[in-house]
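Per-entry structural report
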Amino acid sequence: MATSEIHTAEASRPGGVRSILKNRRLLIGVGMIGSIALAAAILPSFLGLDPLAVDPLNRLKAPSPLHLFGTDNLGRDLAARMLAGASTSLHLAAGVTFFSAAIGVAVGILASFSRPLDHILMRVCDGLMAIPALLLALALAATFGPNFSNLLIALTIVFAPGIARLVRGRALALRSETFVEAAVAMGTSNLRIMVRHIFPNVLSVLAVQVTFIFAEAIVSEAALSFLGAGVPPPAPSWGNILYDGKTVIAKAPYMVVFASAAIVVTVIGLTLISDGLRDLVDPRTRAFAVETGRPRFRFFKRRAKNGEPI
Amino acid sequence: MFYRKHLRCAALTAALLMPLTFIGNAAAEDGTLVVAYGAQPPSFDPHVTTLSQANTIARNIFETLVTLDADLNIQPGLAQSWVVSEDGRKYRFTLRHGVKFHDGQPLTPNDVVASLQRWGSSSLPGKNLFHEAKWSAEGSDIVTLDLPSPRFDVLVSLAPGITQSAVIMPASVIAAAGEKPVTQLIGTGPFRLIDWQADRMMELERYNDYTSFGGKQSGTAGDRTPTYSNLRIEFVKDEATRSLGLSTGEYDIANQLPFDSAAELQKDDTLRVDSYPGGMTNLGFNYNKPGVFEKKEARQAVDIGIERQAILTAAAVDPRFFRLNNHLMMRYQKQWPTDVGETEFNPNDTEAAKKLLQASGYKGQPLVLITTRDYADMYNAAIVLQQQLQGLGLNVKLESYDWSTYVKTRADKNAWDLVVNGGSPKPDPTQLIFLKRDFPGVPHDAALEDMVAKFQHADTIAKALDLYRQLETWNQNYVPSVRIGETDYVFGMSKRVEGLQVQDDLILWTVHLKD
Amino acid sequence: MTGPLTIENLSVSFAGGAIEAVRGVSFELRKGEILALVGESGSGKSLTARSIIKLFPEGATVDGRIVLTGEDVLSVPQADLERLRGKSAAMVFQEPSIALNPVFTIGWQIAEGLRAHGMHDRGACRARAIELLRDVGIPDPETRVDYYPHQLSGGQKQRVVIAMALALRPAVIIADEPTTALDVTVQAGILDLLRRCRDELGSSILIITHNLGVVADLADRVAVMYQGRIVEEAASDVLFASPKADYTRRLLAAVPRLGQSVAKDNGCRERGRLVLEADNLEITYPGRWGHTAVPAVKGVSFDIAAGEVLGLVGESGSGKSTIGRAVVGLSPVTGGAMRLFGEDLRRARGKNLRELRRRTGFVFQDPASSFNRFMTVFDCIAEPLRVHRAFPSADALRRRVVELLDQVHLPREMATRYPGELSGGQRQRVGLARALALNPAFIVADEPTSALDVSIQAKVLEIFTTLQKELGFAALFISHDLAVVEEISHRVGVLRHGELQELGSTREVMTAPRHDYTRLLINSVPVPDPVIQAEKRRSAITSQSADSGLV
Amino acid sequence: MLSYTLQRLGALVPVLLVVSLVIFSLALLAPGDPARIILGPEALEVDVVKLQDIMGLNDPFWIRYLRWISGVVQGDLGVSYFSNRSVAAAIQSHFIPTAQLAVLAISYALAISIPLGTLAARWRDSFFDHAIAGFTLIGLTFPSFVLSLILVIALSVWLHWLPVAGYRDPFGSPLVGLRYLILPTLSLGTIYASVLTRTVRASVLDVLKSEYLDAARSRGVKENRLLFAHALRNAGLPIITMIGLSFASLLAGAVVTESIFNIPGIGSLLVTAIERRDYPMLQGVVLFLTCIYLGLNVIVDLVYGLIDPRVRLSGKGVQ
């Protein structure tokens, strides 16, 4: 950046700090996910919880002061497993999201710049998307063997084509936008156009999509666990806690309840983030959202002073 | 108002659908026994597959020359009678008259010869005993067997076992299959297959031309004619669904229920829950891969260091469903003596174990314990074992695979160090899979091979028992694998089901349906 | 007698009163009268018009009284409101392509309004729809009644929208910028149609527009709105002759008037080195997937000398923008030749092309979309300098950007802002600064002022002219507005359907057009003077009524 | 329109080729093989190798691929390694339950989501809207097998209204067949209803901003008619896309649901094929599912044409 004289006020940037702070949903969502992540990072070592320590003679004990969330089918402390599972699931989801976004963006933008390349890449994407996601992940997990990084690779392969298609669509639209034409007209190189003009502008669609993928990755891992191809045990994940809880649902329903609740809360948090991001990047919704503040709670749609739906 | 119309439509549909829910559960059809099993075995050819369930389901369709009664004595089967030569090397079976296969063909000695030759060349027990045997047909109802050397357990081997029974199929079916597994299930048994929807269900019907073995029903012996007309075997992969279906009356019998649901189901007084011996749980070492377990001290350390009760609780939940057993054979196989060493061996001496481990020179090299999630009891045992071994100072990493990958990995010499093996019961100790020289990871010990070779030529039970004692002693000294215990299979049935007997698995033709 | 519509003290505000869009507006529309509500964007004129049938955007708070044929619109119940809409007052929207539902036939949409007011017989509805289409001058209405909106041209769509408004013979027709989205030649027809509505049906018309030419052509009375208030209200001839309010005076002064610009002397000046030569230029867009290729420009020849401004005029689809874009390689040259600084554009590749682009500036039509909204104004202007590594040091770069901001009369603080935070005029000045950053010898300006209000347009044009004189760059100035072109260019080319109709010095073309089409174009532009306009109309009706296709 | 359809279908060929290669390589890379599975847990390595040879599993990759693909081109998908069933026959018999379930689930989902989504859009930010948002969120996030188990325990185990699991052909005995399909329909449909409700709400909201609605309103058209006749049809494109995607994924077999309710559908066929390394079955089913997915895409495009005359009359797809 050029000089300090000119660059002083940064706050009013689109999606700048101030508008983030005004965005309640985004804040609540980030708060929810943040506290789960923080708890997962700090609590186990702080409380000395071991998610792997088995005690089969004390299996399926209901929640008690000793075991806040009870114990699982091998007598492991469920609270410890939930927290460690949070770390696994969030890591996995974050990894999947990051890599599929990175690959998707790279492929999508590249495809928008060359017709032959576009054809090849999009046929591959179509092919990968045509195979049902869960089954593709299952086949990949079976092929590469179920460990964390292979699961990461498998889910990335599942999600990246969707992002690539989305980004390509947006990038193609952007390529005919005036500001990109302006860049072309001033002799900007393709690489610079991709990096400096296209990339920042696809971020807005990407931001919303990645939160979906983050959520989807968590739920997919649970479903894969159900089919025996999730995060390989004994390392805990929310998915395999659910799987273990399924057989003992009558005897120890709390296992399923806690794990489902964790997933639901996380996904709700992510949805809030996603909605918040959408508000943040979509100028149409931004215009009024900031000034009018929070709408009051009404059963039916609020009406204008004179009874007209607004 | 358009949207009100929508709501009205939805309400109407709901109202129309409601009656569907009140029809009542008509699953319990008259004269049909509905049995829920787990996933369908990949093949029902007992000559080929080593899967026990394939064998025990198939015995509703296929029959053997001889049978075992409830006390495990040999009784006639398709062979009405037999004569053994003085030297014990020649057997002469007389086939029962009037027996017909389900396709209407009469049973001939040729069918028996074709079947038993095939069984002798492809199944494990067959190859074990009969690889040099000669089968031949004589006339219309005689089959003879020539053995190179006498054996004490020829007839037991020909009787129904838990795996790879010597079943008789039509020679034509065998010819059609070639060397591949047979896919046409045509036998002489009490039930005839009338509809088979792969991986979903088998509909069997009482075979009307069935020729009874006569005598009182006992074990797999005696009169097997079913009292009910139809048997439907449903393959229900999800174990929770199996137990839920049993409790709602969808199934009359559900086999291999989750251990955890047993207690719950028992509370329901319209149901009965029981179990039968399933298999043994061992911790196997990989002798094909150089490493710390070449040292006997390391193996002994594991043997005395682990706590078996916890492992078995993790595997089978309730003490009713598991037993400690340090012997080679299952506890219910009473013919094999248990007087060598303790049965309930479980010293759990961590200190001694650690010392032994030190003596073995173990320096914390990483070790891999492989398991599969497809067998929950093995898997749970593996998790507890991994923790316990870790506690002894062994750096063990658990790797869990799907079944296909697991068997493939197990066959790979260098991929693992430890494995939790579930061994199925065998008629004699040399057939035990964890002593089989060719099985992945099994030790190649001269003493063992000598004993096995001698066992091959044991012509009397006394000699066999003597060899068994030697084998037990060797086993407890050498610690080729760590014996942990045996677990059961749990099954449940509705009160409608009476008279169900068990031998290796449920004997479904023994059931009387009460209405 | 009171008119069909009276508005008393209307106020509309948003965000709980924080934003006051309309402040205490009162006026009356008399029977059979055409009242024009004039103002620039943001003056609240459209909101006022929409209030009449109670179409508010979300979050509006409304106060005041609107009496429409004797009923207070703001307080009647919903059912009465639905009855009033369409029957008492009907609306003609600005953009006909978005005011028509794309998935229904136009006949269905006309009939929809009839059904809403109790006409349920299908046959009768259809007959009425056909009749209405014929009335508004849609040829072959029996067939077109089953057309979907996208099958009609822009002018026809607006006629359909008017037909819908006429369906129930409303007392009041509200026309919200009815001709803004249309070409001048089409605009004239629509204005005539509106006048006929009043003359033949006796409807009162409230027309909302920013175009003073349209006002002069159509309106009996004019109300001028500024910042939510009516600043002046007068009979049309009075207002144009002697505007009272300051704002009205400024507005009238800013309007470029055809034929009144100072004549340029460059027309016969000695022409220097040629900057751009187009020789029998052809531009054809390749057809996709078996669709036939579309020729956009056919055999056009012209040239531009150093320091000269060539104006290209034409209506939408005439190919004028395509030519401009071809100069920087945004459109492909498929036939003939185009030489920029003597270099053939069909052969220019890589380094050469980059060099040509370095020496050429481009000003785009829509200032809102021609900037990357993630870049500050500083970065936007500095971008060409960075791309061509024109200034090695950050300091020199900064100084150049500041200099450019000064040249386009923008305060230096603007540098830290984002384009989205600037007004349209400011943004277009940033666009000019960006185009000038590398001191180009040639500038292509593609409709640079058509998205701007007149007063802002005047300012931007003034800056452009000044800079052009100062820096002496040659320019290709593309516009649909004859008055603007006349004001700024030395020479003018008239394009129609991709062909160059006429090329000559501005004075020649504007005062003595040789070509019929040029004459039609010049005649169609409504002059912001009611007297001249009335005169023009009289002569036009007598000479052209037969072939105008309106009746 | 016809040439457009043919064009679209022609473009599918390379996609199918990609899929066939991907899935074939995946199948072959996966450790384990059918011979081991057939022989069971206690098989010896010698027997495994023998059976592998007999089954032709030790041939090189390209030979096997060419052998398979040439069969496919001739319309022969091969025979399962585990039963004598031809792959085509297996697909046919397993596809019927899946298709029935898919149709029921999507109908149920549509019956719920269209009115709810539209009304939520209309009463934006009201309590009703928030309640719908909450419902859809739970539907989206709740792991499907948890929902299924809850339904089973509530409706079957406690209330004894419906059978726990299983499948009976509804064409054989409609009432019994439908009874078996109700629970899976409810648990699947609820999840898809959540997705669809959100889509309907979002796209209707988008359309509600359109000027032509104001234009129709200005002609005195009633609000409900605006909502359900004008807005819904214009909101159709994204909704149809989502319905197409949902239906495609339903037809691909809801693996988890099929497994819990023991429905012999295409999903369980495929999972079993993966578990057993039944290559001909696996490849055949994936190829079939790919065709279904791509076919549905084409159908969705054609439906666009029915809804939107711009697509129909210009013969171009809407991106």
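Residues numbered from 1 in each chain as written. Chains lettered and ligands numbered in written order. Predicted model: local features only at pLDDT ≥ 70, side-chain atom pairs only at ≥ 80, totals over all residues. Heavy atoms only, no water.

When its secondary structure is counted, chain C shows 21 helices and 20 strands. Expected size for 551 residues packed as a compact globule is a radius of gyration near 24 Å; at 25 Å, chain C falls within 12% of this value. Overall, chain C is about 70 × 50 × 50 Å in size when its C-alpha atoms are taken along their principal axes. Here chain C, with 551 residues, has 57% of them falling under the buried criterion. (Helix = DSSP H or I, 4+ residues; strand = E, 2+ residues; numbered from the N terminus. Rg over C-alpha atoms; globule rule 2.2 N^0.38 Å. Buried < 20%, exposed > 50% of the residue type's maximum accessible area, 1.4 Å probe, protein only.)

Residue and element names in this part refer to chain B. The strand order across the open sheet formed by four strands is β4-β5-β7-β6, and the pairing between neighbours is antiparallel. Either end of the sheet is taken by a strand with one partner, and the two such strands are β4 (79–84) and β6 (134–138). In this sheet, adjacent strand axes meet at a mean angle of 20° when their direction is disregarded. Sheet analysis places β4 next to strand β5 (residues 90–95), joined by five bridges and oriented antiparallel. Looking across to β5, one finds that W82 is bridged to F93. Across the sheet, helix α3 (residues 109–122) lies against β5, β6 and β7 (142–146), angled at about 170° from β6, the strand it touches most. (Pairing = 2+ DSSP bridges. Axes fitted to C-alpha atoms, helices over the stretch in contact; angles between N-to-C directions. Contact = heavy atoms within 4.5 Å.)

A few words now on the interface of chain D and chain C. Each partner contributes to the interface: chain D provides 26 residues, whereas chain C provides 32 residues. Summed over both sides, the interface between chain D and chain C buries roughly 2600 Å², with carbon and sulfur atoms accounting for 55% of that surface. When the buried surface of chain D facing chain C is broken down by residue, E211, S218 and R219 of chain D rank first, second and third, together holding 27% of it. Here R50 of chain C makes a salt bridge to D214 of chain D, at a shortest N to O gap of 2.9 Å. Here chain D and chain C share ten residue pairs in polar contact (both at pLDDT 80 or more) between them. Of all elements in the fold, only α9 (211–218), α10 (223–234) and α15 (309–314) of chain D reach the threshold of two or more residues within the side of chain D that touches chain C. When grouped by side-chain class, the residues that make up the side of chain D that touches chain C number seven nonpolar, six polar and 13 charged. (Buried area = accessible area lost by both parts, 1.4 Å probe. Salt bridge = Lys/Arg side-chain N within 4 Å of Asp/Glu carboxyl O. Polar contact = N/O pair within 3.5 Å; in protein donor to acceptor, adjacent residues only side chain to side chain. Nonpolar A, V, L, I, M, F, W, Y, C, P; charged D, E, K, R; others polar.)

Counting across every chain of the model gives 84 salt bridges over all chains. For R373 of chain B, the salt bridge is made with D244 of chain A, and the minimal N-O distance between the two is 3.4 Å. Of the two residues, R373 of chain B sits in the loop between β14 (367–372) and α12 (376–392) while D244 of chain A sits in helix α9 (residues 238–247), which places them in two different chains. On the basis of relative accessible area, D244 of chain A is assigned to the buried category, the value being 9%.

Considering every one of the five pairs of chains in contact, the largest contact total is recorded for chains B and D. Separated in space, chain B and chain C share no contact, their closest pair of C-alpha atoms being 14 Å apart.

Moving on to the interface of chain B and chain D. Listed by partner, the interface residues are 58 residues for chain B and 51 residues for chain D. Both sides together, the interface formed by chain B and chain D hides about 5100 Å², and carbon and sulfur atoms give 58% of it. Where R276 of chain D meets D199 of chain B, a salt bridge forms, and the shortest distance between an N and an O atom there is 2.7 Å. Summed over the shared surface of chain B and chain D, the number is 17 residue pairs in polar contact (both at pLDDT 80 or more). Going through the elements one at a time, α1 (2–17), α3, α4 (124–130), β10 (230–235), α7 (239–247), α13 (403–411) and β16 (418–423) of chain B are the ones with two or more residues in the side of chain B that touches chain D. The dominant element in the side of chain B that touches chain D, judged by the number of residues it contributes, is α13 of chain B, at seven residues. For the side of chain B that touches chain D, the class distribution of residues is 23 nonpolar, 20 polar and 15 charged.

Time to look at the domain arrangement of chain C. All names here are of chain C. In terms of domains, chain C is made up of domain 1 (5–103 + 148–253) and domain 2 (308–330 + 347–530). Between the C-alpha centres of domain 1 and domain 2 the distance comes to 33 Å. Taken together, the contact between domain 1 and domain 2 spans 15 residues of the former and 14 residues of the latter. Across the interface of domain 1 and domain 2, roughly 1300 Å² is buried in total on both sides, 60% from carbon and sulfur atoms. Counting the contacts that link domain 1 with domain 2 gives zero salt bridges. Counting the contacts that link domain 1 with domain 2 gives four residue pairs in polar contact (both at pLDDT 80 or more). (Domains from an automatic or database assignment.)

Residue and element names in this part refer to chain C. The geometry of helix α14 (residues 377–387) relative to helix α16 (residues 424–436) is characterised by a closest axis approach of 7 Å and an angle of 30° between their N-to-C directions. Compared by their axis directions, α14 and α16 come out roughly parallel. For the pair α14 and α16, the sense of crossing is right-handed. Mapping the contact onto sequence places V377, C380, I381 and P384 in α14 and V430, A433 and R434 in α16. (Parallel < 35°, antiparallel > 145°, perpendicular 65-115°, else oblique. Left-handed = near helix turned anticlockwise from the far one by under 90°.)

It is worth spelling out the environment of I266 of chain D at this point. Residue and element names in this part refer to chain D. With respect to the secondary-structure elements, I266 resides in helix α13 (residues 266–276). With 32 residues separating them in the primary sequence, I266 and N234 have C-alpha atoms 35 Å apart. Setting aside anything within four residues of it in sequence, one finds I266 in contact with I91, H94, F95, T98, L251, A252, G253, E258, V285, F288 and L289.

Looking now at the nonpolar core. Formed by 308 residues in total, the largest nonpolar core has its most connected members in L283 of chain B together with F442 and L476 of chain C. Looking at this core element by element, the count peaks at 16 residues for helix α8 (residues 190–226) of chain A. Apart from residues lying up to four places away in sequence, L476 of chain C is in contact with F302, I304, L310, L312, I323, G324, V327, F442, I443, V444 and A445 of chain C. Counting residues in hydrophobic clusters, the runner-up holds 92 residues, among them A49, V62, V92 and V222 of chain C. (Core = buried A, V, L, I, M, F, W, Y, C linked by side-chain atoms within 4.5 Å.)

On to the sheet that holds strand β18 (residues 474–479) of chain C, then. Residue and element names in this part refer to chain C. As summarised here, the arrangement of the six strands in space is β16-β17-β18-β13-β19-β20, forming an open sheet in which the pairing is mixed. If you trace the sheet from one side to the other, it starts and ends with β16 (360–363) and β20 (499–505), each paired once. The sheet shows a mean angle of 15° between the axes of neighbouring strands, direction not considered. Bridge count for strand β17 (residues 442–446) against β18 is five bridges, and the pairing is parallel. Note that in β18 the partner of V444 across the bridge is L476. Contacting β13 (309–313), β16, β17, β18 and β19 (491–496), helix α12 (residues 320–327) crosses the sheet at an angle of about 150° to β18.

We now examine a nonpolar patch on the surface. Taken together, the side chains of L38, I42, L43, F46 and L47 of chain A make up a nonpolar region of the molecular surface, amounting to roughly 510 Å² of accessible area. Residue I42 of chain A is classed as partly exposed on the basis of its relative accessible area, which comes to 44%. (Patch = residues over 30% accessible without salt bridge, like charges linked within 9 Å, V, L, I, M, F, W, Y side chains within 5 Å. Areas by Shrake-Rupley, 256 points an atom, 1.4 Å probe, with all protein chains shown as cover.)

What follows concerns the confidence of the model for chain C. Here chain C averages 85 in pLDDT, while 94% of its residues score no lower than 70. This complex was scored by the predictor with a pTM of 0.82 and an ipTM of 0.79. (pLDDT = per-residue confidence, 0-100.)

This model, assessed by the stated rule, comprises 39 aromatic pairs over all chains. Both rings, one in F61 of chain D and one in Y65 of chain D, keep their centres 6.4 Å apart while their planes meet at 5°; by these two values the pair is stacked. One end of the pair is F61 of chain D and the other is Y65 of chain D, both in helix α4 (residues 61–73) and four residues apart, which spans about a single turn. For F61 of chain D, a relative accessible area of 27% gives the class partly exposed. A relative accessible area of 6% means that Y65 of chain D is categorised as buried. Each member of the aromatic cluster is reached from another via a ring pair, and the members are Y91, F93, W119, F130 and W135 of chain B. Positioned above the aromatic ring of Y478 of chain B, the side-chain terminus of R299 of chain B is 4.4 Å from the ring centre. Over the ring of F341 of chain C we find R359 of chain C; its NZ or CZ atom is 4.0 Å from the centre of that ring. (Phe/Tyr/Trp six-rings, centres within 6.5 Å; stacked < 30°, edge-to-face > 60°. Lys NZ or Arg CZ within 6 Å of the ring centre and 35° of its normal.)

This brings us to unusual backbone geometry. Negative phi values dominate among residues other than glycine, just as trans dominates among peptide bonds. Residue and element names in this part refer to chain D. Phi at D125 is positive, roughly 65°, even though this residue is not glycine. Given the relative accessible area of 21%, D125 is considered partly exposed. With a phi angle near 55°, H160 is a residue other than glycine that sits in the positive phi range. Counting through the fold element by element, H160 comes out in the loop between α7 (144–158) and α8 (174–208).

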